[in-house]
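Structure at a glance
If you want the building blocks of each chain, they are given just below.
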Amino acid sequence: REKQLPVDEAVRIAADVAEALHSAHEQGVIHRDVKPANILLGKGRPLVADFGIALAVSQAGGGRLTETGLSMGTPYYMSPEQASADREPTPASDVYSLGCVLYEMLVGEPPYVGSSAQAVLAKILTGDAPAANATRPSIPANVDAAIARALEKLPADRFRGAQDFAKALADPAFRHGEVAVAEGMAGGGPWKRLTLALATTTLLFGLAFGWSALRPEAPAGPVVRFTVPVGEGAELFLGGERDASFGRPASTSLALSPGGDVLVYAGWQAATDGGVPSRLYLRRLESERAVPFEGTEGASDPLFSPDGAWIGFLVGSSLRRVPLAGGDVETIVPDVGSRAPRFHATWGDDGAIVYSSAGVLHRVAESGGDPELLAEPDSVPGGFAGIGHPHLLPGGDKLLFVGAPSFVPEEWEVLAMDLVTGSVTPLLTDAADPRYTQTGHLLFMRQGALMAVAFDADRLELEGQPFVVAEDVQQAFGMPNSTWESGRAQVAVSAAGHLVYARGGTYPARPRVLMRVTLDGDAEPLGLDPREYGKIRVSPDGGRLALSVRNGRSASLHIHDLARRVTQPLSGGGFVEDSPEWSPDGRSIAFHSNRDGPQNLYRMAVDGSGGPERLAPSSRAQTLMSWSSTGVIAYLEGGDIWMLPPDGEPEVFFASGAAESFATFSPDGRWLAYVSNQTGTDEVYVRPYPGPDPATLISSNGGLAPVWSHDGRRLFFRARGAMMVAELSPEGGFRADPAVPLIDPWPYSQETPTRAFDMLEDGAFVASEWAEPLGEGGTRERYRVDELHVVLNLFEELRARSGG
């Protein structure tokens, strides 16, 4: 009723309660739920009541309930060990609760408040309560010191018993913590005062020498796991596709401040549809509301600066930053060369940002400037198609990253690079998304689980065996330089040792059915069994389909006879054999496979005779694109478009420094349509083969997966959720009319990295769609995240499981 009591009255009540608790403790009884409602007043004297929790625990078998993780007590007054339920409460737990009650009698509210029980518990375990006399200066120094000691996180740092708490409240000379040290220095003569001055000077020098002095140390405390809602006002953005309504978990959407108290994520406005761009939201862990950042519309891939003052993010292909406290958005790199999810970044304590873009690593100053090329697939031993997932080690002279030779996650490697010497050290296979912790551990993702292993960052050597930190973590599989699914996980780790992640697994593809779709948009099923279909190619005679079919983490090739409605396998055996292309005579299929190491090109007779023949062997990964009517094979290697003539050596056809994909020959073999992000946006171009005329831009505002009509006078491609068409004039100099929507929306083959549709002989499309509808929310509903999992003091667990 009165909110704040007179100081002397509050101290008297607390001292009397302390004596009552001391009597109970002498009898071996721990109250476990000391709070104002359990302290009754009769004629001004307190009576400690309701030992119900203590009695229940006693009758249930002593500590058995707490051993199974039961938290008991009222959140506002609960000790850290009760909040985490990781040890049996002692008299020190009751002392802590009494300290909270006294604090509230004097200040008017408990030391930790929040909008939910989870928020209060998070503060109890990680926060520091403001000093009581900071709010109410009239509180004597000894009372303030007694409260501070009673509220210590570790039971061993509190009073040994409730009676000692009462004695400190009555002792005007009692001091605790930094105040006691400072007063001791002040009263200890010139040498002690000089020591204090030198210590202060040393601290200032340490702060001036960089973030390493500012980086929060992992707090000593129990490991606590709980969940929090994402928050009102926004839902987590997990999209990476160009059309957000078909978004898929493809880039990391979470960033945690160094202190672990602020979460920034890319989010949607929950009440709007999938076409609204994402933006950044700020959420303090003790709050249930997310606050949007103005000026960050379209943002993805947030990351914190090491000092926590700035947030970096990507918009389109522009790398930007904004102060955490609010302010103007600054551009660091106007064009990084690609968009999410091909982009990943790390912010080092030396003020540099290293980012991967379309499978290449660059470094740039946090204030901006010209990016420096650090590494590309050709410069890294191992035959990688792309490199990504960079993470700078302390000091900024060493870097963790991932090399991917193929789409198979088991073939990915985590490597370390010395940025001074350029040497590269392999560390782990079947691993992605590496992160280093100040405890000397390497965190990484493996098959949907967050793993950890002890790691010597100086010698770049692993120590011991990996162990699981969290399972069922949301992770998207794919290559770091692909147009979708980056392999990144929805995980954020703070320098203070806290972890936030989203659950949901690795999201394997869902079965699809093949459809015949007319140019008017009418569709009917072809009658094939639902499978995880990928690329689709119609034979030159129009009577057969070459199909790639996923099965878990492998893929095989199949031939389907449209007239007989018979499907037969062409390859298999646990490899990834994908991207089939017909030979001009229809007797052979070319494809890429990892059967002999890096993903390379192969050819096989349609009847299966003779087995696969390797084409243009290379130590680098190759991706098959197209086989022309003149016998030339187009493929990707090292981010460039290569050509393999029928009786010649492979040669580079086009290298722009950007990322090219979807190279497709026209029916007469004279023109090559392809996709490039050289402007920062994936666009469709047409270039003559073998040249030398320049390319013609076909799309505007984005385009993917071009497909030619049979007469070569129209080009179809996907853009903004629609099937677009451009009328072409290939004779007398190439000309193209502006592309217009043909089928809008185009609900087929959206969530795939390959050209998963083609033209049938009758001019209709063959495409795939989900065997079961996704529902009103589409893929956004499928990958929706409603809650986040929080692990406080994760570093304590890492130390314990690695023997300290």
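See the structure above.
The structure contained in this document is the topic of the report that follows. (Residues numbered from 1 in each chain as written. Predicted model: local features only at pLDDT ≥ 70, side-chain atom pairs only at ≥ 80, totals over all residues. Heavy atoms only, no water.)

**Details of the sheet that holds strand S9 (residues 299-304)**
As summarised here, the arrangement of the 4 strands in space is S9-S10-S11-S12, forming an open sheet in which the pairing is antiparallel. Looking along the sheet, the strands with just one partner apiece sit at the ends: S9 and strand S12 (330-333). Pairs of neighbouring strands in the sheet enclose a mean axial angle of 30°, with direction left out of account. Relative to strand S10 (residues 310-315), S9 runs antiparallel, the two sharing 4 bridges. Bridge pairing in S10 places Ala299 opposite Val315. (Pairing = 2+ DSSP bridges. Helix = DSSP H or I, 4+ residues; strand = E, 2+ residues; numbered from the N terminus. Axes fitted to C-alpha atoms, helices over the stretch in contact; angles between N-to-C directions.)

**Description of the packing of aromatic side chains**
One pass over the structure, following the stated rule, counts 17 aromatic pairs. Aromatic pair Phe716 and Phe765: ring centres 5.2 Å apart, planes at 85°, arrangement edge-to-face. Here Phe716 is found in strand S46 (residues 714-719), whereas its partner Phe765 is found in strand S51 (residues 765-770), with 49 residues between them in sequence. Look at Phe716 and you get buried, because its relative accessible area is 0%. The rings of Phe716, Trp746, Tyr748, Phe757 and Phe765 are connected pair by pair, giving a single aromatic cluster. Here the guanidinium or amino end of Arg321 rests over the ring plane of Trp310, the centre of that ring lying 3.7 Å away. (Phe/Tyr/Trp six-rings, centres within 6.5 Å; stacked < 30°, edge-to-face > 60°. Buried < 20%, exposed > 50% of the residue type's maximum accessible area, 1.4 Å probe, protein only. Lys NZ or Arg CZ within 6 Å of the ring centre and 35° of its normal.)

**Overview of the side chain of Thr437**
Positionally, Thr437 belongs in strand S21 (residues 432-437). Here the side chain of Thr437 touches Thr439 through a polar contact of 2.6 Å, side chain to side chain. (Polar contact = N/O pair within 3.5 Å; in protein donor to acceptor, adjacent residues only side chain to side chain.)

**A few points about the nonpolar core**
Within the largest apolar cluster, 64 residues are counted, with the highest numbers of intra-cluster contacts made by Leu102, Phe165 and Leu788. The element that contributes the greatest number of residues to this core is helix H5 (residues 91-107), accounting for 10 residues. Core analysis: the second largest hydrophobic core is formed by 32 residues, Val707, Leu715, Ala719 and Met723 among them. (Core = buried A, V, L, I, M, F, W, Y, C linked by side-chain atoms within 4.5 Å.)

**Some words on the pattern of salt bridges**
In this structure the tally under the stated criterion is 26 salt bridges. Note that Asp433 is salt-bridged to Arg435, the shortest N-O span being 3.0 Å. The same class applies to Asp433 as to Arg435, namely buried. Each member of the salt-bridge network shares a partner with another, and the members are Asp456, Arg459, Glu461 and Glu463. (Salt bridge = Lys/Arg side-chain N within 4 Å of Asp/Glu carboxyl O.)

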